Amino acid sequence: MIKEYKTIREIDGPLMVVTNVEGVTYDELAEIELPSGARRRCRVLEVDGDKAVVQLFESSMGINLAESKVRFLGHSLQLGVSEDMLGRVFDGMGNPIDGGPEILADAYMDINGLPMNPAARDYPSEFIQTGISTIDGLNTLVRGQKLPIFSGSGLPHAPLAAQIARQAKVLSAETSFAVVFAAVGITFEESEYFVQEFKRTGAIDRTVLFINLADNPAVERIATPRMALTAAEYLAFEKDMQVLVIITDMTYYAEALREISAARKEVPGRRGYPGYLYTDLATMYERAGRRKGKKGSITMIPILTMPEDDITHPIPDLTGYITEGQIILSRDLHRRGVVPPIDVLPSLSRLKDKGIGEGKTREDHAGTMNQLFAAYAAGKDARELMTILGESALSDTDKLYAKFADEFEKEYVGQGQETNRDIEETLNLGWKLLSILPESELKRVKPEHIAKYLPKRKEEEK
Amino acid sequence: MGGKVIKVSGPLVVAVGMSDANMADVVKVGEQRLTGEILSMSGDRAAIQVYEETSGIGPGAEVFTTGNPLSVELGPGLLGNIFDGIQRPLEEIRGIAGETISRGIELPALSRTKRWAFEPVVAVGTRVEGGDIIGTVQETSVFKHKIMVPPSLSGTITEIKQGEFTVEDVVAVLKTDSGESVDIKMLQRWPVRVGRPYKKKFVPDRPLQSGQRVIDTFFPLAKGGTAAVPGPFGSGKTVVQHALAKWSDVDIVVYIGCGERGNEKTDVLMEFPELKDPRTGEPLMKRTVLIANTSDMPVAAREASIYTGITIAEYFRDMGHDVAVIADSTSRWAEALREMSGRLEEMPGEEGYPAYLGSRLAQFYERAGCIECLGSDGRQGSLTAIGAVSPPGGDTSEPVSQATLRIVKVFWGLDAKLAYARHFPAINWLNSYSLYLVNLRDWYNSALGEQFLKNRTAAMNFLQQEAELQEIVKLVGQDSLSPQDRLTLETARMIREDFLQQNAFVDIDNFSTYDRQARMLDMILQYDKLAREALKEGADMKAVFGIEARTRIARAKSVPEDEYIEVYDRILADMAEQIANAKAGGEEL
């Protein structure tokens, strides 16, 4: 029998203290019944003797200390999952908000998940074609990877994420694709953009949406990404689907976590974020991946806005230490009208080397990738030198590098929002751009690849 | 008799009624028998850090002490295995629990059923002391596991067996001086927080050959030394650590993944059985032990994982082997320490880290060293410790980096700028250092000739001068430099691109022997010498810089292992000829 307590002693921000409790355990889910009959959920953060510190998942407004009742439910927060979730919209706590019926759950899963055994992981090595050259060619995404987008306020991360969701496909396999989308603390307009995008492209039928908007309670944000990942785990590992999880915006998640930490008066780490922010983020990011013996996979694209575009801020910093690379958007390219404004040099995909090459993309992929990176870096340096000293100070080779950098940004990076390039096109475009440079500068590509793929120069043909 | 839980806050559990427990005992908490360790005691109240997720534990749950401190099992069966932070075998957990790690699983680290062929090397009646080898087991095709007398024992062998045994079978009986008979098994236990004893420690004087040119030639690490690899994310820390684990010329590698990505461990697990050790030709996994506490695994076990790893490494060292322990990343370990310290409500030091951070780090690194092992045969072993540091924002002024730099002798500073320009390994040559150059001088001079260290100094000078000249170029352009200075820039560029840059993912280039490194560097410096003379005599700069042999120097790293000596000699000869031609051509004009 479940006991009801009317012993709420204190409510302070997202925290509540209940006394005289018995048999309460750590991380247990509880329910508060207000005098009005409304019910809200919360979970146990600490038990000390007969006193429980409880964190609310919803607003504390209207809770009456004397009249409200608390029931401890004996399990942690769960999500009822089913294949019928596809095409549906839920709030941040997993309740349907699209006017449709309740989900008849196939199973109830703990939203915290369990750590994945590293011995049971399967290494992500299958190329996902996103149709975006800067990702496919230079920062290749593979199935089961977690690759965040580091953005800034006012930068077009939403269209980029939508473009990836729209165009992404695994070249080899005949598999069912699904998208799980979690809106965490973003505005109605931004969230609606994604909903409309999914509708426009027909992707909505294979999408599960969890929406926590900016005006929903901040504490609910702690649960939203975990809800989404739980649904994704079910679809990937029980239903063999290839799931792409997009979570936007992790910055608001971290702020909600800080709010709770501050209310608990914990010793703050950098910039007031709790010392366990790394661990907390990792328990979510690490849920991406593949498992041995399972057909499905979870590929994760979390989006976060870097405060002040500062990549050393704790949120992007800790994220970068956990995720397998990052795609960074550049304000400079955005101002110059380059779409999508992906800043190629600091962007990185750690798993690219396993997903490219012969049999996966093409034999020359690794070499051209390194050559393009090096050439663009040299080109940017040359351009910088040119602005200081004028064009005449540059050697002939440096001038070619500067030209390469311009063309590279215009053609390779700035492909536009609707262009969907397959990997062959991307690689050939790379060679076309490299032909701007003298052949002796192409040290990172194999001579036999130069002979095979480098377009012949006009003057040589004459 | 057991205690009762009164408080639960994350991984910290407080229990009363624990008067029979000792400080630092391992305890079992709740119905699921979660493993924990006592951190502090006050009266009969014990603060316990629990190595597993504590959800579902509440006041009233029972707590039992095992009466023993946190220990690891040592014996045949460690190699090629992957363990969690408190040495539970992850492959076997997978067999029981599937792809995720559920709680309360109790499994012995070493298989109790597997039988090993034990070969005695001493006879009945032999007098032995702690550390003496009494027999061997061929654990993997490359490794002969030595069974030693536990450190504290000595006496006369009264019985010794031969044949196939499990780790728990008695293989020998020893009669101590006090007349007591002690059974010796292949399995030993050792508390992780106590360093294993040895006879004597030496100053390291042999290099650890990693096959990585920037490390071996520029910033070498000695066997028995300590090194730190700090760097921001994306600068290639993990690639450097993997390269060291793969190619270091040690007998055993213990790789501790401490709070890092799960996929990285999977990568090692899948790649190492395939990769061949260049020295033995056998799969690398046969000499590797993996400890994994990935970032989604419980944080308290992260604190224990580096001790578990280094204790296993010490055990192999005690057999008289060269062992390397690689910890990726010590920052996550320090954060785990900070989290527990915060929950214990200790007074925080810098950035919330506990005040004892520095001393704990020093204790870890100090367990490295070159030693004479226990036992009467005077064998020597070494334990090299390499730790990655992940400073927030790449800023090494933070406490973990600073505390580490005070202890370690080698610093490989990774640089995000180099990584962006795809210069790998992104070890910055201007701020990295190695204090072992002095200890290793004799080795270098006898193994590679005296020219090697001279070349190294010369190369470092070029790089230093390049940094200064670049400042001038930024202000006034390259044209204002003298031909000699232009040559310095060219030479420095060759050192950077043709020598320092090394691709860990390309065969042949991923590993360079010392001899090859010495020849490559010498080739570049020979070019500089010849070109400098030619320029002095008025040769045309463009002609000297543009000789064909330079493109061959650039590709010298990918020349196959069995041809390189010949090819390099030919490049040297052609280079001299081409520079001479360029000079002659210059005079004609």
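The rules we used
- As a convention, each chain's residues are numbered from 1 in the sequence order in which they are written.
- The lettering of chains begins at A and the numbering of ligands begins at 1, in the order of writing.
- Only residues with pLDDT of at least 70 get local features here, since the model is predicted, and only at 80 or more are side-chain atom pairs given and counted; chain-wide, interface and lining totals rely on the full set of residues.
- Side-chain figures throughout are based on the complete set of non-hydrogen atoms in the structure, without hydrogens or water.
- We count a stretch as a helix when DSSP gives it H or I for four or more residues in a row; a strand needs E for two or more, and each element gets its number in order from the N terminus.
- What the globule rule says is 2.2 Å times the number of residues to the power 0.38, and the radius of gyration is computed from C-alpha atoms.
- Classification of residues uses two cut-offs on accessible area relative to the type maximum, computed with a 1.4 Å probe and protein chains only: under 20% is buried, over 50% is exposed, and between them is partly exposed.
- Working rule for contacts: check all heavy atoms of both residues, and any pair within 4.5 Å makes them a contact.
- Side-chain atoms within 4.5 Å are what join buried Ala, Val, Leu, Ile, Met, Phe, Trp, Tyr and Cys residues into a set we call a nonpolar core.
- Paired strands, in this sense, are two strands between which DSSP finds at least two bridges.
- Expected span of a helix, by definition, is 1.5 Å for each gap between consecutive residues, and there is one gap fewer than residues.
- Side-chain rings of Phe, Tyr and Trp, where Trp is taken by its six-membered ring, are said to pair if the distance between their centres is within 6.5 Å; with planes under 30 degrees apart they count as stacked, over 60 as edge-to-face, and otherwise as tilted.
- Salt bridge, as used here, is a side-chain nitrogen of Lys or Arg placed within 4 Å of a carboxyl oxygen of Asp or Glu.
- In this analysis an axis means a line fitted to C-alpha atoms, helices contributing only their contacting stretch, and an angle means the value between N-to-C directions, from 0 to 180 degrees.
- A cavity here means a set of points on a 1 Å grid, drawn over the protein atoms and nothing else, where a 1.4 Å probe fits but cannot get out; a pocket is an open set with protein on both sides within 12 Å along at least five of seven lines, and a residue lines either one if it has an atom within 4 Å of a point.
- Grid points are joined across faces, edges and corners, and a volume is the space filled by probe spheres set on the points.
- Under this grouping Gly is polar, as are all residues other than the nonpolar Ala, Val, Leu, Ile, Met, Phe, Trp, Tyr, Cys and Pro and the charged Asp, Glu, Lys and Arg.
- For classification, angles of less than 35 degrees are called roughly parallel, those exceeding 145 degrees roughly antiparallel, those between 65 and 115 degrees roughly perpendicular, and all remaining angles oblique.
- Crossing handedness is read from the near helix: turned anticlockwise from the far helix by less than a right angle, it gives a left-handed crossing, and turned clockwise, a right-handed one.
- Once two parts are brought into contact, the accessible area they lose, counted with a 1.4 Å probe and summed over both, makes up the buried area.

Q: For this particular structure, what's the right way to read the overall build of chain A?
A: Along the backbone of chain A there are 14 helices and 21 strands. Relative to the compact-globule value of 23 Å for 462 residues, chain A shows a C-alpha radius of gyration of 25 Å, a close match. C-alpha extents for chain A along the principal axes are approximately 90 × 50 × 40 Å. A total of 462 residues make up chain A; the buried ones form 61% of that total. Within chain A, residue pairs in contact and separated by at least 24 positions form 73% of the contacts whose partners lie at least 6 positions apart.

Q: Any chance you could explain the overall build of chain B here in plain terms?
A: Along the backbone of chain B there are 16 helices and 26 strands. Expected size for 589 residues packed as a compact globule is a radius of gyration near 25 Å; at 28 Å, chain B falls within 12% of this value. Taking the principal axes of its C-alpha atoms as reference, chain B extends roughly 100 × 55 × 40 Å. Of all 589 residues assigned to chain B, the portion counted as buried reaches 59%.

Q: What should I look at first to understand the nonpolar core in this one?
A: The tendency in soluble globular proteins is for nonpolar side chains to be buried side by side. Residues and elements named next belong to chain B. Of all hydrophobic cores here, the largest spans 82 residues; its most connected members are Phe218, Trp412, Tyr527 and Val544. Contact partners of phenylalanine 218, with chain neighbours within four places excluded, come to Arg213, Leu437, Arg456, Ala459, Met460, Leu463, Ile495, Phe499, Leu500 and Leu521. Core analysis: the second largest hydrophobic core is formed by 73 residues, Val72, Phe143, Ala301 and Val408 among them.

Q: Explain the pairing of strand β19 (residues 297-305) of chain A here, please?
A: Residue and element names in this part refer to chain A. By the criterion of burial, β19 is predominantly enclosed, with 9 of the 9 residues buried. Burial along β19 is two-sided: Ser297, Thr299, Ile301, Ile303 and Thr305 facing one way and Ile298, Met300, Pro302 and Leu304 facing the other are all buried. Pairing between strand β13 (residues 149-151) and β19: 3 bridges, direction parallel. Paired with serine 151 across the two strands is threonine 305, which belongs to β19. In this structure, strand β17 (residues 242-248) lies alongside β19, joined through 7 bridges in parallel fashion. In the strand pairing of β19, valine 245 is matched with methionine 300. Looking at chain direction, strand β18 (residues 289-291) and β19 are connected through 2 bridges and run antiparallel.

Q: I would appreciate a short explanation of helix α4 (residues 224-238) of chain A in the present structure.
A: Residue and element names in this part refer to chain A. For α4, which comprises 15 residues, the first-to-last C-alpha distance of 21 Å matches the rise-based estimate of 21 Å (1.5 Å per residue) to within 8%. Here α4 lies mainly inside the structure; 14 of its 15 residues are buried. At the C-terminal side of α4, aspartate 240 shows a positive phi close to 55 degrees.

Q: So what exactly am I meant to see when it comes to the packing of aromatic side chains here?
A: For the coordinates displayed, the defined rule picks out 26 aromatic pairs over all chains. A ring pair is formed by phenylalanine 90 of chain A and phenylalanine 210 of chain A, whose centres lie 5.3 Å apart and whose planes are at 25 degrees; its orientation type is stacked. In this pair, phenylalanine 90 of chain A is assigned in strand β9 (residues 89-91) and phenylalanine 210 of chain A in strand β16 (residues 207-213), connecting sequence segments 120 residues apart. Where phenylalanine 411 of chain B meets tyrosine 433 of chain B, the ring centres are 5.5 Å apart and the plane angle is 25 degrees; that geometry is what we call stacked.

Q: Explain the side chain of threonine 251 of chain A to me, please; I cannot follow it from the model alone.
A: Tracing the backbone shows threonine 251 of chain A in helix α5 (residues 250-263). Leave out the neighbours within four places in its chain, and threonine 251 of chain A touches Leu304, Thr305 and Ile315 of chain A.

Q: It is not clear to me how the pattern of salt bridges should be interpreted in this structure. Could you clarify?
A: Two side chains of opposite charge can pair, provided their charged atoms sit close to one another. Under the defined criterion, the tally for this structure stands at 82 salt bridges over all chains. Here lysine 7 of chain B makes a salt bridge to glutamate 46 of chain A, at a shortest N to O gap of 3.6 Å. One end of the pair, lysine 7 of chain B, is in strand β1 (residues 3-9); the other, glutamate 46 of chain A, is in strand β5 (residues 39-48), on a second chain. The residues lysine 7 of chain B and glutamate 46 of chain A share a single accessibility class, namely buried. Connected through shared salt-bridge partners, Glu4, Glu31, Glu33, Arg39 and Arg71 of chain A make up one network.

Q: What should I look at first to understand the sheet that holds strand β11 (residues 133-140) of chain B in this one?
A: The pairing of strands in a sheet happens through backbone hydrogen bonds and is either parallel or antiparallel. Residue and element names in this part refer to chain B. Strand order in the open sheet formed by 4 strands is β12-β11-β9-β14, and the pairing between neighbours is antiparallel. Two strands lie at the open edges of the sheet, namely β12 (143-148) and β14 (163-165), each paired on one side alone. Sheet twist, expressed as the average angle between the axes of neighbouring strands with direction ignored, equals 40 degrees. Sheet analysis places β11 next to β12, joined by 6 bridges and oriented antiparallel. The residue bridging isoleucine 133 from the neighbouring strand is methionine 148, located in β12.

Q: When you look at the layout of surface pockets in this model, what are you seeing that I'm missing?
A: Unfilled space is identified by rolling a water-sized probe across the atoms. Of the volumes computed, that of the second largest pocket is approximately 1,100 Å³. Lining the second largest pocket are 50 residues, with Tyr26, Asp27, Asn112 and Thr283 of chain A together with Glu53 of chain B sitting closest to its centre. Partitioned by chemical class, the residues of the lining of the second largest pocket number 22 nonpolar, 13 polar and 15 charged.

Q: For this particular structure, what's the right way to read the packing of helix α12 (residues 483-500) of chain B against helix α13 (residues 514-536) of chain B?
A: Describing two packed helices takes the angle between their axes plus the distance from one axis to the other. All names here are of chain B. Interhelical geometry of α12 versus α13 gives an angle of 165 degrees and a closest axis separation of 10 Å. When the axis of α12 is compared with that of α13, the two are roughly antiparallel. Considering the relative orientation of α12 and α13, their crossing is right-handed. Of the residues in α13, those in contact with Pro483, Gln484, Leu487, Thr488, Thr491, Met494, Ile495, Asp498 and Phe499 of α12 are Gln517, Met520, Leu521, Ile524, Tyr527, Asp528, Ala531, Arg532, Leu535 and Lys536. Counted by class, the contact of α12 with α13 contains 11 nonpolar, 4 polar and 4 charged residues.

Q: Explain the interface of chain B and chain A to me, please; I cannot follow it from the model alone.
A: At the junction of the two partners, chain B supplies 74 residues and chain A supplies 72 residues. Approximately 6,000 Å² of surface area, both sides summed, lies buried where chain B meets chain A, with 53% of it carried by carbon and sulfur atoms. Of all residues in chain B, Glu99, Phe233 and Arg422 of chain B give up the largest surface area on contact with chain A, accounting jointly for 15% of the area buried on that side. In this structure, the connection of chain B to chain A is made through 7 salt bridges.

Q: Would you explain the packing of helix α11 (residues 451-476) of chain B against α12 of chain B in this entry?
A: Residues and elements named next belong to chain B. Here α11 crosses α12 at 120 degrees, and the two axes come no closer than 9 Å. Comparing the axis directions of α11 and α12 gives the class oblique. Both α11 and α12 take part in a crossing whose hand is left-handed. Residue-level contacts link Ala459, Phe462, Leu463, Gln465, Glu466, Leu469, Gln470 and Val473 of α11 to Asp485, Thr488, Leu489, Thr491, Ala492, Arg493, Ile495, Arg496 and Leu500 of α12.

Q: Please clarify how the sheet that holds strand β15 (residues 170-176) of chain B should be interpreted in this entry.
A: Residue and element names in this part refer to chain B. With respect to topology, 4 strands assemble into an open sheet ordered β10-β13-β15-β16, the strand pairing being antiparallel. Two strands lie at the open edges of the sheet, namely β10 (127-129) and β16 (181-185), each paired on one side alone. Averaged over all pairs of adjacent strands, the angle between strand axes in this sheet comes to 45 degrees, irrespective of strand direction. Pairing of strand β13 (residues 154-160) with β15, which is carried by 5 bridges, proceeds in the antiparallel orientation. When the bridges of β15 are listed, glutamate 159 appears paired with valine 173.

In short, shape yes, function no, at least from these values alone.
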